[in-house]
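Now for the letters of each chain:
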Amino acid sequence: MPRLVSLIVAASLAWGPALAAAPYADVRAEWNAPQAPFRIYGSTYYVGTHGLSAVLLADPAGLILIDGDLPESAPQIAAHIRALGFRVEDIRYILNSHAHFDHAGGIAQLQRLRGAQVVASASGAFAMEHGGVDPADPQAGVASSYPAVRDVRTIADGATLALGALRVTAHYTPGHTPGSTSWTWDACEHGRCEHVVYADSLTAVSADGYRFGDPQHPQRAEDFRRAIATVAALPCDILLTPHPSASNLRERLDARTRGQRPDPLIDANACRAYAATALKNFDARLQRERAPAQ
């Protein structure tokens, strides 16, 4: 049995069976499909599943993990970290993009491996500490709950988290959820450094009846537009997103594997393009909300 598969099987047995009967079973299985870990650039690595990103930042002082994917993804993420030659026990911080079950669901399990400090925005911390339940979330009532995360440390908008030579900055980008946060850092190799952006989801997804353009709550649309503008303005050479498909990571990685040059993962226009698409889709969503009921 290949070493990576052995690690995943061992971790799954240790932590119990996957949540086969969990809500969204079909899409969860697709999101959680196996994915070999790989280096993105410098000391930044992809350790997530096929359909959900988890990103590892490595430094001699310790590791920073961004996102924990589904509850059933935790064994795979841990196995990926070990397969790359790192120790899961060296994770010092776990950061979160937004507190939905498909990006924060595995954090509680991963936190227990070493007692890592979980870090999120104030709204994100509230949602994680309540197992993903947040009445202010556009998807309240339809998004799955997950194991609550304890002792989440909040980070202010624009604040920087330091670990060894790593410097990771939080950028509040609320809209998809009230606590949505994008993260930026520099990754270097062969004397060249690139600005990496882990941009949170900018999609206006909600429960039935929720209105982003509700005139009684104008800050919803204002916050969303401000979040999109924030992502567009970030120094950005490498774009990563919680769902890798949102930034065409698979296609860009395949092109790099085929030897395409310059490196397809590096695109200084990627954040602007991601934000432009989000703004177009958000405007369309608001237009649909204003349309008279048929």
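Residues numbered from 1 in each chain as written. Predicted model: local features only at pLDDT ≥ 70, side-chain atom pairs only at ≥ 80, totals over all residues. Heavy atoms only, no water.

Draft legend 1. Quick look at unusual backbone geometry. Look at the link from R261 to P262: it is a cis peptide, with omega at 0°. With respect to the element layout, P262 can be found in the loop between α8 (249-257) and α9 (270-290). In this structure, D67 takes a positive phi of about 75° despite not being glycine. The topology assignment puts D67 in the loop between β4 (62-66) and α3 (74-83). In this structure, H190 is a non-glycine residue whose phi angle is positive, near 50°. Turning to its location among the elements, H190 is positioned in the loop between β10 (181-189) and β11 (192-198). (Helix = DSSP H or I, 4+ residues; strand = E, 2+ residues; numbered from the N terminus.)

Draft legend 2. Main features of the packing of aromatic side chains. A full pass over the atoms with the stated rule returns 7 aromatic pairs. Seen in terms of ring centroids, W31 and F101 are 6.2 Å apart; in terms of plane orientation they differ by 45°. Their pairing is tilted. You can see W31 sitting in helix α2 (residues 25-31) and its partner F101 sitting in helix α4 (residues 101-104), a full 70 residues away along the chain. Summarising the burial analysis for this pair, W31 and F101 share the class buried. Each residue in the set Y210, F212, F224 and F282 is aromatic and connected to the rest through ring pairs, giving one cluster. (Phe/Tyr/Trp six-rings, centres within 6.5 Å; stacked < 30°, edge-to-face > 60°. Buried < 20%, exposed > 50% of the residue type's maximum accessible area, 1.4 Å probe, protein only.)

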